[in-house]
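Inside the fold
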Amino acid sequence: MRSPTTTSPSHGGETARRLDEDAPFGLLAHDTSADPIFIYANSTAQRCFEYTWHEFVRLPFRLSAAMWNLVDADGSQHGQTAVFRSWTDVSEDRTGG
């Protein structure tokens with residue numbers, strides 16, 4: 001379920017790798033198109049929502065919750081992002097576990 005290295009933050013060093021692979025929270029971002037789609041979901045988000053990388057990066061933002069603006073050092077907006085620190089594993093509820 002890991003993101004491809006061409007689009008993951010892996011070129012950002014150890015901190016980026018940890019956010020992508022080991023974070024104890026979900027991290028999502030989407031683009032600025034007219035009907036925004038997700039452009040990033042870390043491994044925790046992929047596991048939580050049970051989407052692969054390729055499924056996530058096709059998912060419309062309008063199906064999600066509120067997010068924050070994603071702005072670079074020059075002040076240019078590149079999309080929005082969200083973090084979630086807790087969730088309920090609904091797969092356990094579905095299986096009676």
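Thresholds, definitions, all that
Residues numbered from 1 in each chain as written. Predicted model: local features only at pLDDT ≥ 70, side-chain atom pairs only at ≥ 80, totals over all residues. Heavy atoms only, no water. Helix = DSSP H or I, 4+ residues; strand = E, 2+ residues; numbered from the N terminus. Buried < 20%, exposed > 50% of the residue type's maximum accessible area, 1.4 Å probe, protein only. Contact = heavy atoms within 4.5 Å. Pairing = 2+ DSSP bridges. Core = buried A, V, L, I, M, F, W, Y, C linked by side-chain atoms within 4.5 Å. Axes fitted to C-alpha atoms, helices over the stretch in contact; angles between N-to-C directions.

Looking at the secondary structure, you find His30 in strand 1 (residues 26-30). Residue His30 is classed as buried on the basis of its relative accessible area of 4%. Setting aside anything within four residues of it in sequence, one finds His30 in contact with Pro36, Ile37, Phe38, Ile39, Phe61, Met67, His78, Gly79 and Gln80.

For the rest of this paragraph, the subject is the pairing of strand 3 (residues 68-71). In terms of strand pairing, strand 3 meets strand 4 (residues 77-84) through four bridges, oriented antiparallel. If you follow Leu70 over to strand 4, its bridge partner there is Gly79. From the end of strand 3 to the start of strand 4, which pair antiparallel, there are five residues, and Gly75 there has a positive phi angle of about 90°.

Quick look at the nonpolar core now. Of all hydrophobic cores here, the largest spans ten residues; its members are Leu28, Phe38, Ala41, Ala45, Phe56, Leu59, Phe61, Met67, Ala82 and Phe84. Listing elements by their share of this core, those giving two or more residues are strand 2 (38-41) and strand 4. Every residue in contact with Phe56, bar those within four places of it in the chain, is listed here: Leu28, Phe38, Ala41, Ala45, Gln46, Phe49 and Tyr51. In this structure, Ala23, Phe25, Leu27 and Ala29 belong to the second largest nonpolar core, which totals six residues.

With that settled, the discussion passes to the sheet that holds strand 4. On the basis of which strands lie adjacent, the open sheet formed by four strands has the order 2-1-4-3 and antiparallel pairing. Strand pairing shows two members of the sheet lacking a second neighbour, strand 2 and strand 3, which therefore form its edges. Across the sheet, the mean angle from the axis of one strand to that of its neighbour is 30°, orientation sign disregarded. For strand 1 and strand 2, the ladder comprises three bridges, and the chain directions are antiparallel. Bridge assignment links Leu28 to a residue of strand 2, and that residue is Ala41.

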